[in-house]
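# Architecture at a glance
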Amino acid sequence: MKNDKSSSSFTIGSFLGLILCCFFSAIIAYVLYAIKFMDYPASNTAIIFVVFNLVSITAVVTLGRAIQKIITTASYIQIVSVTVLYTLFQFIHMFVYIRTDNVVRYNIYHMCILFCYLVIITPVILTGAKKNK
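Conventions and cut-offs
Sequence order as written defines residue numbering, which begins from 1 separately in each chain. Per-residue local features are limited, in this predicted model, to residues with pLDDT of at least 70; the limit for side-chain atom pairs, both in listing and counting, is 80 or more; totals at the level of whole chains, interfaces and linings are taken over all residues. Based on all heavy atoms of the structure, the side-chain values leave hydrogens and waters out of the count. Only DSSP runs of H or I covering at least 4 residues are called helices, and only runs of E covering at least 2 are called strands; the numbering of each starts at the N terminus. Relative accessibility thresholds used throughout: buried, under 20% of the residue-type maximum; exposed, over 50%; partly exposed, between the two (1.4 Å probe, protein chains only). Here a residue-residue contact requires only that any non-hydrogen atoms of the pair lie within 4.5 Å. Shrake-Rupley sampling with a 1.4 Å probe provides the accessible areas, and residues are treated as covered by the protein chains on show and by no other component. Think of pLDDT as the predictor's per-residue confidence, scored from 0 to 100. Residue count minus one, scaled by 1.5 Å, sets the expected span of a helix. Here an angle of 0 to 180 degrees is reported between the N-to-C directions of two axes, which are lines fitted to C-alpha atoms, with helices fitted over the stretch in contact. Angle categories are assigned with fixed cut-offs, so that under 35 degrees is roughly parallel, over 145 is roughly antiparallel, 65 to 115 is roughly perpendicular, and the rest are oblique. In this scheme the crossing of two helices becomes right-handed for a clockwise turn of the near helix relative to the far one and left-handed for an anticlockwise turn of less than a right angle. Note that Gly is not counted as nonpolar here; it falls among the polar residues with everything else outside the nonpolar set of Ala, Val, Leu, Ile, Met, Phe, Trp, Tyr, Cys and Pro and the charged set of Asp, Glu, Lys and Arg.

So, on to the overall build of the protein chain. The secondary structure content of the protein chain amounts to 5 helices and 0 strands. Going residue by residue from the N terminus, the α and β elements of the protein chain occur as α-α-α-α-α. C-alpha extents for the protein chain along the principal axes are approximately 60 × 30 × 15 Å. Among the 133 residues that make up the protein chain, the fraction classed as buried is 32%. The long-range share in the protein chain, meaning contacts at least 24 apart out of those at least 6 apart in sequence, stands at 78%. Counting only carbon and sulfur atoms, one obtains 74% of the accessible surface of the protein chain, whose full area is about 8600 Å².

What follows deals with the confidence of the model for the protein chain. Taken residue by residue, the protein chain gives an average pLDDT of 85. The fraction at 70 or more is 92%. Looking over the protein chain, one finds the lowest element-wise mean pLDDT in helix α3 (residues 64-70), namely 85, and the highest in helix α4 (residues 73-97), namely 91. Low confidence marks residues 1-5, where pLDDT is under 50. Its contacts with residues over four positions away, or in another chain, come to 0 contacts.

This part takes up helix α2 (residues 43-62). With 20 residues, α2 extends 28 Å between its outermost C-alpha atoms, agreeing within 8% with the 28 Å of an ideal straight helix rising 1.5 Å per residue. All of the buried residues in α2 are S43, T45, A46, F49, V50, N53, L54, S56, I57, V60 and T62.

With that out of the way, let us pick up the packing of helix α1 (residues 12-34) against α2. How two helices sit against one another is set out by the angle between their axes and by the gap between those axes. Contact geometry for α1 and α2: axes closest at 8 Å, N-to-C directions at 165°. By the angle class used here, α1 and α2 are roughly antiparallel. α1 and α2 meet at a crossing whose hand is right-handed. Here S14, G17, L18, C21, F24, S25, I28 and L32 of α1 come into contact with α2, specifically with I47, V50, L54, I57, T58, V61 and T62. Class assignment for the residues of the contact of α1 with α2 results in 10 nonpolar, 5 polar and no charged.

All right, on to the environment of I70 then. Within the secondary structure layout, I70 lies in helix α3. A residue is classified by how much of its surface remains accessible, and I70, at 56% relative accessible area, is exposed. With 59 residues separating them in the primary sequence, I70 and A129 have C-alpha atoms 5.8 Å apart.

Pasting the structure below:
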């Protein structure tokens, strides 16, 4: 007999993760507003990368249970770890170099970081899904 509560993809942990992601997004928005972010040359493209990062964090945290049903737990932990590293690399670079980087150098760095992120998580997802079948 299955427990119906454990079969749900959206749990209390998912809800708490969603609240924490919203709080993190509010912190980032406030910091960007406080440093007058839009005055810098790379600010428009930085917003695109910030939004993608916040969406990926929210998806990984909020949909964790559903993702874990598709792939193995070890693969999910790897995805979370790589997402955290991607976030750290992006936000540290953004807050340190937004004043001095030109648009081209800023975009190249963040496109390379995003490419590396996708190159790492794609085989993890495919391998985890294959092992779970």
